[in-house]
Amino acid sequence: MKNVLITGASRGIGAACAKKFAEKGFRVLANYHASPERAKALCASLQNLGQEAIAFGADVSDSCQVRQMFESIENRFGGVDILINNAGIAQQKLFTDITEQDWDRMFGVNIKGMYLCCRQALPYMIHKKSGSIVNLSSMWGITGASCEVHYSASKAAVIGFTRALAKEVGPSGIRVNCVAPGAVDTDMNATLTEEDLALLREETPLGAIGKPEEIAESVFFLATDLSRFTTGQILSPNGGLVI
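Sequence order as written defines the numbering, with residues in each chain counted from 1. It should be noted that, the model being predicted, local features are given only for residues of pLDDT at least 70 and side-chain atom pairs only at 80 or more, the latter also being counted only at that level, while totals for whole chains, interfaces and linings use all residues. In computing side-chain properties, one takes all heavy atoms of the structure into account and sets aside hydrogens as well as water.

A.B. asks: Sorry, what's going on with the pairing of strand S2 (residues 27–32) here?
C.D. replies: Walk down a regular strand and you will see the side chains alternate between the two sheet faces. The rule is simple: take the accessible area with a 1.4 Å probe, protein chains only, and divide by the maximum for that residue type; under 20% is buried, over 50% is exposed, in between is partly exposed. Helix numbering and strand numbering both begin at the N terminus, where a helix is a DSSP run of H or I of at least 4 residues and a strand a DSSP run of E of at least 2. With six of its six residues buried, S2 lies for the most part within the structure. Burial along S2 is two-sided: the residues Arg-27, Leu-29 and Asn-31 and Val-28, Ala-30 and Tyr-32 are all buried. Note: strand S1 (residues 3–6) against S2, four bridges, orientation parallel. Pairing of Leu-5 across the sheet is with Leu-29, part of S2. Sheet topology places S2 next to strand S3 (residues 53–57); five bridges connect them, and they run parallel. When the sheet's bridge partners are listed, Ala-30 is paired in S3 with Ala-55. Remark: the S2/helix H2 (residues 36–48)/S3 crossover connection has right-handed handedness. For two strands to pair, DSSP has to find at least two bridges joining them. The handedness rule is simple: strands pointing away from the viewer, and a clockwise path from the first strand over the helix to the second, make the crossover right-handed.

If you want it as structure tokens, here you go:
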């Protein structure tokens, strides 16, 4: 049985990915930070369906916590075959209002967290000469968003990280890809008003807001042998808002 570690798996896209991989027979290692109850309830629900799912707590921006999480996984299950770097934060602010603390926290979670998890996962993958990593970016990492400069910059960095790492570890049989979703119905977008959502739908060619399950399909495709000849690519399921 292959092990898939999904960071930020307690809700939204992460939880949808956990369900998708569990349904397909993978052992799900669900990382959480601020929502232990949600993560453990998710794993319990999957276990009740006969799937193997275990919750692991860690702040991905903290190198000690990440190392301890991977050590626990390795001691119990050998290592991580598939890594989904989903954990992320967002914030809307005028650039002139962004504090240094805002900036550091944004990059700490969205970039450093991805770096730390990849750093821990890769030795096992390189030893096996196989593995797959999928990083979660955003369509705003492609185009940039007003009042989200630090978020857009961090998500653009995810794309550059993905392309560079794919070139470096490809000879070791490891694929690295990226999903850059558009507007999705998750807690991260819960602050949007009905008027905001209606405007997004109107501007989107497919006339809809994405669902976490739809993004999970893209993640699963890139993470598994369904895309065995694909690496260093950016897939952006955004309803046509960014083309």
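A.B. asks: Before we go on, may I ask you to explain the side chain of Asp-81 in this structure?
C.D. replies: Looking at where Asp-81 falls in the secondary structure, it is placed in the loop between helix H3 (63–77) and strand S4 (82–85). Classification of Asp-81 as buried rests on a relative accessible area of 9%. Polar side-chain contacts of Asp-81 include one of 2.8 Å to the backbone nitrogen of Asn-3. Contacts were defined at the residue level, with two residues in contact if any of their heavy atoms lie within 4.5 Å. If we ignore the near neighbours within four places in the chain, the residues touching Asp-81 are Met-1, Lys-2, Asn-3, Tyr-124, Met-125, Lys-128, Gly-131 and Ser-132. Two N or O atoms count as a polar contact when they lie within 3.5 Å, although within protein this holds only if one can serve as hydrogen donor and the other as acceptor, and sequence-adjacent residues are included solely when both atoms are side-chain atoms.

A.B. asks: Please explain unusual backbone geometry as it appears in this structure.
C.D. replies: Both trends apply: most residues other than glycine have a negative phi, and most peptide bonds are in trans. Positive phi values are uncommon outside glycine, yet Lys-129 reaches one of about 60°. Structurally, the position occupied by Lys-129 is in the loop between helix H4 (100–128) and strand S5 (131–136). Even without a glycine there, the phi angle at Cys-147 is positive, about 65°. Given the relative accessible area of 32%, Cys-147 is considered partly exposed.

A.B. asks: Please explain the environment of Thr-204 as it appears in this structure.
C.D. replies: Checked against the element boundaries, Thr-204 lands in the loop between helix H7 (194–203) and helix H8 (212–223). The contact partners of Thr-204, leaving out residues within four places of it in the chain, are Asn-238, Gly-239, Gly-240 and Leu-241.

A.B. asks: Before we go on, may I ask you to explain the packing of aromatic side chains in this structure?
C.D. replies: The relation between two aromatic rings is expressed through the spacing of the ring centres and the mutual angle of the planes. Ring pairs shown here join Phe, Tyr and Trp side chains whose ring centres sit within 6.5 Å, with only the six-membered ring taken for Trp; geometry is labelled stacked below 30 degrees between planes, edge-to-face above 60, and tilted in between. The full count for this structure, using the stated rule, is four aromatic pairs. Consider the rings of Phe-21 and Phe-26, whose centres lie 5.3 Å apart with planes at 80°: the pair is edge-to-face. Pair check on accessibility: Phe-21 and Phe-26 agree, each one buried. By the ring-pair criterion, three or more aromatic residues cluster together here, those being Phe-21, Phe-26 and Phe-220. Geometry around Phe-220 places Lys-20 over its ring, the cationic atom sitting 5.2 Å from the centre. Cation placement over rings: the criterion is NZ of Lys or CZ of Arg within 6 Å of the ring centroid and within 35° of the ring normal.

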